[in-house]
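If you want the building blocks of each chain, they are given just below.
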Amino acid sequence: MRELSVFDIIGPIMIGPSSSHTAGALKIARIARKLAKSRIISVRFQLYGSFATTYKGHGTDRALVGGILGYATDDYRIRDSFDWAQKAGIDVVFEEMENEIDAHPNTVDITVTEEDGTVSSIRGASVGGGEIEITRINGCDIRYSGKNNAVIVQQYDKPGVIASIAKIFEVFNVNISNMSVFCEEKDEAAFSILEIDGDFNELGMEALCRQPNILSAMYIKVK
Amino acid sequence: MKNKSTDFTNAAELLALCERKDIPISEAMIQREVAKFDDDRATVEARMLKTLNVMRESVERSQTEKMKLLGGYIGGESKDMMNYMKKNGAMGGTISRAAAFAMGVIEWNASMGRIAAAPTAGSAGVLPGILAAMEEAYHFDDEHLVRALFNAGAIGYIIGRNATLSGAEGGCQAEVGAASAMAASMVCELFGGSPAVCLAAAGDAISNILGLICDPIGGLVESPCQKRNAMGVSNAIISAEIALATGGRTLVPFDEVVTVMYNVGRSIPYQLRETALGGLATTPSVKNLKPGCAACGACK
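Given the structure is predicted, the values throughout are model-derived calculations rather than measurements.

A.B. asks: Go over the overall build of chain B with me, naming the residues and quoting the values.
C.D. replies: Each helix and strand in chain B was counted, giving 14 helices and one strand. For 300 residues, the compact-globule estimate of 2.2 N^0.38 gives 19 Å, and chain B sits close to it at 19 Å. Counting only C-alpha atoms, chain B reaches 65 × 40 × 40 Å along its principal axes. Across the 300 residues in chain B, those meeting the buried criterion constitute 55%. When contacts within chain B are restricted to residue pairs at least 6 apart in sequence, long-range pairs at least 24 apart make up 76% of them. On chain B, roughly 12300 Å² of surface is accessible, and the fraction owed to carbon and sulfur atoms is 54%. Chain B carries 28 positive and 31 negative side-chain charges, and their two centres are separated by 7 Å.

Spelled out as structure tokens, the structure:
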């Protein structure tokens, strides 16, 4: 069990009204933003469960857009995030979905389109108290809490790939605190999520992408 | 265990620690934080001062700004109370003012204002309301108020660790109930109460709210949350005053009360734990209200 800090109890400092429906929603969208490598031009939010029924009253929509813009959970610009998104040239669309079986009650699918045409998507759930879980990336079911910095690698599941990934982290002297591989059974590509202690850099990411059988790598820096 | 001399996991351990070192609860919580998270004391205290200032700002702006609430089920009650008390006096003195401030913070929260969850957003009015009213009435300085928040944090930590602080899990007793317990203990320390007195006040505050359900109208953090925060304030101050007056005389110690709160919370039906499927949320009068309608009334 993670130890509670006094600031978990008296805090977080956040824009209201709800830690799960406002602050948590923003955190999911902020991770969606980090999947994009070029400028984001449009975003589609598909809302499930309680997100779908109460999103306006909780400012969930504004918080999600604020996350796409990279705001912190206590940033007053969340209030006018639709205006800021328009100024940034980002189109946003919201859809209220029928509840899907097995999805957590507060769930959102976020599909991000970049100016170079790249489309990526994540599914995230706000699981209470502002804590989140990313449960799907580009169609692959995964698990990532967004608490630690992480490198998400898409690779062909061939012998030696995992070792070559681990080698890069060793060379750059970054400790992997947790590594999980998802969607190995599929023919196309598997996803590895490597949660790390500390920070990773551009050079490391480039080295990673040059490895054989690695399709792409994304760095998600949350702290 | 390198942090053994500063760590505690329940009220009994906290009390033993405080008595052994002859320190107040706030000091024990600061020492735990510094040791546990390898922070320096100045950083930890500065961060809590920042939190205090966010609380102050949420009270202040709820009294001075025109707020546009997201749901519109509530709005303006805090200012109405302040105006009423200006004309007619406050029957409850500091309690009334603290309650009005707490209600304002919930309005501020519902209008996408910046708040400090304490321990949650839905119960975020209790601590700031009391701190603002106490500051106004008794002129406590920053140092005292920051210490008060560490004291409150210790109580919330024990509840969160050994029970729950989530309305979805434990009902409103776990949110406003916890906030009220935190505030009761905090007030005792502000007025010189010993750690034992603080813990008695915290236990009494939860005991008084045992079983309180979470039934948000429209699923939003507005009503009945706002007035329950006012109730949490009055319950906290009364519990503190009783504990200070009696030297913390109470039958059931804090740890046992926390266990009871958790068990009661688990036995509250799902419909009455933040789902808006029962309680006030499904009464005939509010069933057909749409967010926004409550305030304007045009659709009635």
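A.B. asks: Any chance you could break down the interface of chain A and chain B for me, citing the residues and the numbers?
C.D. replies: Taken together, the 28 residues of chain A in the interface contact 43 residues of chain B. Of the roughly 2900 Å² buried at the junction of chain A and chain B (both faces included), carbon and sulfur atoms supply 64%. Of all residues in chain A, the largest losses of buried area upon contact with chain B belong to Phe-7, Ile-9 and Ile-10 of chain A, amounting jointly to 24% of the total for that side. Counting across the chain A and chain B interface gives two salt bridges. Measuring nitrogen to oxygen at the nearest pair gives 3.0 Å for the salt bridge that ties Glu-3 of chain A to Arg-32 of chain B. Joining chain A to chain B, the criterion identifies 14 residue pairs in polar contact (both at pLDDT 80 or more). For the side of chain A that touches chain B, the secondary-structure elements that each account for two or more residues are helix H1 (6-9), strand S1 (13-15) and helix H2 (19-35) of chain A. Where S1 of chain A and strand S1 (residues 114-116) of chain B come together, three bridges link them in antiparallel fashion. Across the sheet, the residue bridging to Ile-15 of chain A is Arg-114 of chain B, located in S1 of chain B.

A.B. asks: Would you mind going over the side chain of Glu-33 of chain B in detail, with residue names and values included?
C.D. replies: Mapped onto the elements, Glu-33 of chain B comes out in helix H2 (residues 25-36). Once residues lying within four places of it in the same chain are set aside, the contact partners of Glu-33 of chain B are Ser-5, Val-6 and Phe-7 of chain A together with Asp-38 and Val-44 of chain B.

A.B. asks: Talk me through the state of the cysteines; I want residue IDs and the actual numbers.
C.D. replies: Tallied over the entire structure, the rule returns one disulfide over all chains. For the unlinked cysteine Cys-209 of chain A, the closest cysteine sulfur is that of Cys-140 of chain A, found at 18 Å. Here Cys-225 of chain B stays unpaired: no disulfide links it, and the sulfur of Cys-214 of chain B, its closest cysteine neighbor, is 6.4 Å away. Relative accessible area serves as the criterion here: at 15%, Cys-225 of chain B is assigned to the buried category.

A.B. asks: Please provide a residue-by-residue account of helix H5 (residues 94-110) of chain B, values included.
C.D. replies: Residue and element names in this part refer to chain B. Taking 1.5 Å of rise per residue, 17 residues should cover 24 Å, and H5 covers 24 Å from first to last C-alpha, within 8% of that figure. In terms of burial, H5 is a largely internal element, 15 of the 17 residues being buried. Where H5 ends, the next residue or the one after it, Met-112, has phi of about 60°, a positive value.

A.B. asks: Explain the sheet that holds strand S8 (residues 150-155) of chain A residue by residue, including any values.
C.D. replies: Residues and elements named next belong to chain A. As summarised here, the arrangement of the four strands in space is S9-S10-S8-S11, forming an open sheet in which the pairing is antiparallel. Each edge of the open sheet is held by one strand with a lone partner, namely strand S9 (176-182) and strand S11 (214-220). Within the sheet, the average angular offset between the axes of one strand and its neighbour, ignoring direction, is 15°. In this structure, S8 lies alongside S11, joined through six bridges in antiparallel fashion. Note on S11: the bridge partner recorded for Ala-150 is Ile-220. Sheet strands touched by helix H7 (residues 202-210): S8 and S11. Its angle to S11, the strand with the most contacts, is close to 160°.

A.B. asks: For unusual backbone geometry, give the residues involved together with the corresponding values.
C.D. replies: Residue and element names in this part refer to chain B. Residues Ala-118 and Pro-119 are joined by a peptide bond in cis, for which omega reads 0°. Structurally, the position occupied by Pro-119 is in the loop between S1 and helix H6 (126-138). The residue after Ser-223, namely Pro-224, is reached through a cis peptide bond having omega 5°. With respect to the element layout, Pro-224 can be found in the loop between helix H10 (195-209) and helix H11 (225-246). Although it is not a glycine, Ala-276 adopts a positive phi angle of roughly 60°. Within the secondary structure, Ala-276 sits in the loop between helix H12 (254-267) and helix H13 (284-287).

Cut-offs applied
- Sequence order as written defines the numbering, with residues in each chain counted from 1.
- Throughout, the order in which chains and ligands are written sets their labels, letters from A for the former and numbers from 1 for the latter.
- At least 70 in pLDDT is required for a residue's local features to be given in this predicted model, at least 80 for side-chain atom pairs to be given and counted, and no such filter applies to totals for whole chains, interfaces and linings, which use all residues.
- With hydrogens and water set aside, each side-chain value is computed from the structure's full complement of heavy atoms.
- The helix and strand labels rest on DSSP assignments: H or I over at least four residues marks a helix, E over at least two residues marks a strand, and numbering proceeds from the N terminus.
- Restricting the calculation to C-alpha atoms gives the radius of gyration, and the globule rule supplies 2.2 Å times the number of residues raised to the power 0.38.
- Type-normalised accessible area, obtained with a 1.4 Å probe on protein chains alone, sets the label of each residue: buried when under 20%, exposed when over 50%, and partly exposed for intermediate values.
- Should any heavy atoms of two residues lie within 4.5 Å, those residues are considered in contact.
- Accessible areas in this description were obtained via Shrake-Rupley with a 1.4 Å probe; residue shielding takes into account the shown protein chains only.
- We count Lys and Arg on the positive side and Asp and Glu on the negative side, and we leave His and both chain ends out.
- Think of each charge as sitting on NZ of Lys, CZ of Arg, CG of Asp or CD of Glu.
- Note on terms: buried area is the combined drop in 1.4 Å-probe accessible area of two parts once they are placed together, counting the loss on both.
- Here, a salt bridge means any Lys or Arg side-chain nitrogen found within 4 Å of an Asp or Glu carboxyl oxygen.
- Under this definition, polar contacts are N or O atom pairs within 3.5 Å; protein pairs additionally need one hydrogen-donor-capable and one acceptor-capable atom, and for neighbouring residues in sequence, both atoms have to be side-chain atoms.
- At least two DSSP bridges between two strands are required for those strands to pair.
- Cysteine sulfur atoms are paired as a disulfide whenever they come within 2.5 Å of each other.
- The span expected for a helix works out to 1.5 Å for each residue beyond the first.
- Fitted lines through C-alpha atoms serve as axes, helices being fitted only where they are in contact, and the angles separating the N-to-C directions of these axes extend from 0 to 180 degrees.

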